[in-house]
Amino acid sequence: QVPPVESGGGSVQAGGSLRLSCAASSAFSYLTGIATVAWFRQAPRKGREGLAALWIADGSTYYGDSVKGRFTIAQDNAESTVYLEMNSLKPEDTATYYCAWAHGYFLMNDRDYSYWGRGTQVTVSS
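Let me sum up the structure you'll find in this document.

Basis of the calculations
Residues numbered from 1 in each chain as written. Predicted model: local features only at pLDDT ≥ 70, side-chain atom pairs only at ≥ 80, totals over all residues. Heavy atoms only, no water. Buried < 20%, exposed > 50% of the residue type's maximum accessible area, 1.4 Å probe, protein only. Helix = DSSP H or I, 4+ residues; strand = E, 2+ residues; numbered from the N terminus. Pairing = 2+ DSSP bridges. Salt bridge = Lys/Arg side-chain N within 4 Å of Asp/Glu carboxyl O. Disulfide = S-S within 2.5 Å. Core = buried A, V, L, I, M, F, W, Y, C linked by side-chain atoms within 4.5 Å. Contact = heavy atoms within 4.5 Å. Polar contact = N/O pair within 3.5 Å; in protein donor to acceptor, adjacent residues only side chain to side chain. Phe/Tyr/Trp six-rings, centres within 6.5 Å; stacked < 30°, edge-to-face > 60°.

## Quick notes on the pairing of strand β1 (residues 4-7)
Part 1 of the argument: With burial as the criterion, only one face of β1 is covered, namely that bearing Pro4 and Glu6; the residues Val5 and Ser7 on the opposite face remain uncovered.
Part 2 of the argument: Sheet topology note: the β1/strand β3 (residues 18-24) ladder contains four bridges and is antiparallel. Across the sheet, the residue bridging to Pro4 is Ala24, located in β3.

## What to know about the pattern of salt bridges
Part 1 of the argument: Scanning the entire structure with this criterion turns up six salt bridges.
Part 2 of the argument: The shortest N-O distance in the salt bridge between Arg41 and Asp93 comes to 2.8 Å. Pair noted here: Arg41 is in strand β4 (residues 35-42) and Asp93 is in the loop between β8 (81-86) and β9 (95-103), with a separation of 52 residues, a long-range link.
Part 3 of the argument: Each of Arg41, Glu49, Arg70 and Asp93 takes part in salt bridges that share partners, so that together they form one network.

## Structural notes on the state of the cysteines
Here a disulfide denotes a covalent bond joining the sulfur atom of one cysteine to the sulfur atom of another.
Part 1 of the argument: Using the criterion set out here, one finds one disulfide in the structure.
Part 2 of the argument: The partner cysteine of Cys22 in its disulfide is Cys99, sulfur to sulfur 1.8 Å. Measuring handedness by torsion sign, the sulfur bridge of Cys22 and Cys99 sits at about -70° and is left-handed. Here Cys99 lies in strand β9 and Cys22 lies in strand β3, a separation of 77 residues in the sequence. For the pair formed by Cys22 and Cys99, the shared burial category is buried.

## Notes on the nonpolar core
Part 1 of the argument: Judged by nonpolar contacts, the single largest core of 25 residues is most densely connected at Leu20, Trp39, Phe71, Leu84, Met86 and Tyr97.
Part 2 of the argument: For this core, the secondary-structure elements that each account for two or more residues are β3, β4, β5 (49-55), β7 (71-76), β8, β9 and β11 (120-125).
Part 3 of the argument: Among the elements that line this core, the one with the most residues is β9, at four residues.
Part 4 of the argument: Beyond its immediate chain neighbours, meaning those up to four positions away, Phe71 contacts Arg41, Leu51, Tyr63, Leu84, Glu85, Met86, Asn87, Leu89, Asp93 and Tyr97.

## Description of the side chain of Thr81
Part 1 of the argument: Inspection of the secondary structure assignment puts Thr81 in strand β8.
Part 2 of the argument: Thr81 has contacts with Ser21, Cys22, Ala23, Ala74, Gln75 and Asp76, leaving out every residue within four places of it along the chain.

## Things to note about the side chain of Thr36
Part 1 of the argument: Within the element layout of this structure, Thr36 appears in strand β4.
Part 2 of the argument: For Thr36, a relative accessible area of 0% translates into the label buried.
Part 3 of the argument: At 3.0 Å, the side chain of Thr36 forms a polar contact with the backbone nitrogen of Phe106.

## Things to note about the packing of aromatic side chains
Part 1 of the argument: Tallying each qualifying case throughout the model produces eight aromatic pairs.
Part 2 of the argument: With a centroid separation of 4.9 Å and 45° between ring planes, the pair formed by Phe40 and Trp116 is classed as tilted. With Phe40 in strand β4 and Trp116 in strand β10 (residues 115-116), the pair connects residues that are 76 residues apart, well separated along the chain.
Part 3 of the argument: With a relative accessible area of 0%, Phe40 lands in the buried category.
Part 4 of the argument: Each ring, one from Tyr113 and one from Trp116, has its centre 6.5 Å from the other, and the planes form 75°; the classification is edge-to-face.
Part 5 of the argument: Following the ring pairs from residue to residue traces out a cluster consisting of Phe40, Tyr98, Phe106, Tyr113 and Trp116.

What follows is the structure, given as structure tokens:
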């Protein structure tokens, strides 16, 4: 199946907000609804860090410790899009952000995901 496509990256000042979008080339519902969509990020020379996951079937959400209380993952069923609302951004949030999905119920282990977007760059200035 085809990978998702991220958009919404850019530059923002510390303390600001940014909304990322993850759109399915085909609808996420095409996966029969039994799927997880998740957001990861990777800074230079670092591994991928899990940020948030959403279970398409029931809308359950899960967050990594580093972003709890600041980031929110949400689903727009009409547009087959999953969003990542990022608030109170910090310079250390600067990274390439990736959307990924997989069949089944998963959390934020990158090894569980087979389909990855190309990434969108987020830069937070102090």
